[in-house]
Amino acid sequence: LAGASKTGFDMDLGVFYELQDKMYVGVSAMHIPATTLKDANFDYNLERHYYIMGGYIQDIPQMNIQLKPSVFVKTDGASTQLDINGIALWENKVWGGVSYRMQDAVSPMVGFQKDVGDGIFKLGYSYDITTSQLRNSSTGSHEIMLGYCLRMKPEPPVEHVRTVRFL
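Computed from a prediction, not measured in an experiment: that's the story for all the values here.

Q: Explanation requested: the pairing of strand β7 (residues 65–75) in the structure shown.
A: One face of the sheet, then the other: side chains in a regular strand alternate in exactly this way. In the sheet, strand β5 (residues 49–56) pairs with β7 via six bridges, with the strands oriented antiparallel. Directly across from M53, in β7, lies its bridge partner F72. In this sheet, β7 lies alongside strand β6 (residues 58–60) in antiparallel orientation, the contact comprising three bridges. Residue pairing across strands places I60 opposite I65, the latter belonging to β7. Here β6 folds back onto β7, and the loop between the two strands holds four residues, one of which, N64, carries a positive phi near 55°. Of the strand pairs in this sheet, β7 and strand β8 (residues 80–90) are connected by eleven bridges, and their pairing is antiparallel. Residue pairing across strands places F72 opposite D83, the latter belonging to β8. Linking two consecutive strands that pair antiparallel, namely β7 and β8, is a turn of four residues; a positive phi of about 95° is found at G77 within it.

Have a look at this one:
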């Protein structure tokens with residue numbers, strides 16, 4: 001509605017865990033308080049959403065390729081969507097892959113990444129091909145991705161040396 005405005009409290013929370021740079025899993029929730037925004041002209045609910053993701057990185061050193069299969073589950077408690085994804089990264093620079101959203105869409109994608117400073121610059125493109133009944137009124141959608149991922153350097157472990165001089 002034109003001119004409608006309302007303020008409310010919102011909070012999101014998530015955790016991401018990576019195991020030996022090969023496997024990862026993440027869980028998050030959006031709109032945790034599930035706020036309702038009301039005004040004389042509208043009544044809008046910010047429904048709680050949950051996300052679970054996980055993946056694996058398989059190196060193929062003979063071809064200098066990394067295969068990255070992953071899954072992504074989205075739910076609001078009433079409906080659930082499952083994405084199955086696969087990406088191949090060649091020489092740590094060029095990548096391509098496909099994503100399949102169950103009963104909704106297929107998305108081929110390509111991209112480029114380069115080490116810049118203390119991180120990785122990423123540029124990519126994907127096209128969402130609608131496979132559900134929405135295809136009658138949708139010709140798909142384009143997405144351009146631009147990102148910069150910082151490399152977090154872990155603190156070196158503190159070494160403790162026991163000696164009889166300090167006992």
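Q: Before we go on, may I ask you to explain a nonpolar patch on the surface in this structure?
A: A surface patch of nonpolar side chains, about 470 Å² in accessible area, is lined by Y17, L19, M23, V25 and Y56. Counting residues per element, the ones that place at least two in the nonpolar patch are β1 (13–19) and β2 (23–30). Mapped onto the fold, L19 is located in strand β1. Look at L19 and you get partly exposed, because its relative accessible area is 37%.

Q: Please clarify how the environment of I65 should be interpreted in this entry.
A: Along the polypeptide, I65 turns up in strand β7. With a relative accessible area of 17%, I65 lands in the buried category. Separated by 24 residues in sequence, I65 and L89 place their C-alpha atoms 5.5 Å apart. Aside from chain neighbours lying at most four places away, what touches I65 is Q58, D59, I60, A88, L89 and W90.

What counts and what doesn't
- Residues numbered from 1 in each chain as written.
- Predicted model: local features only at pLDDT ≥ 70, side-chain atom pairs only at ≥ 80, totals over all residues.
- Heavy atoms only, no water.
- Pairing = 2+ DSSP bridges.
- Helix = DSSP H or I, 4+ residues; strand = E, 2+ residues; numbered from the N terminus.
- Patch = residues over 30% accessible without salt bridge, like charges linked within 9 Å, V, L, I, M, F, W, Y side chains within 5 Å.
- Areas by Shrake-Rupley, 256 points an atom, 1.4 Å probe, with all protein chains shown as cover.
- Salt bridge = Lys/Arg side-chain N within 4 Å of Asp/Glu carboxyl O.
- Buried < 20%, exposed > 50% of the residue type's maximum accessible area, 1.4 Å probe, protein only.
- Contact = heavy atoms within 4.5 Å.

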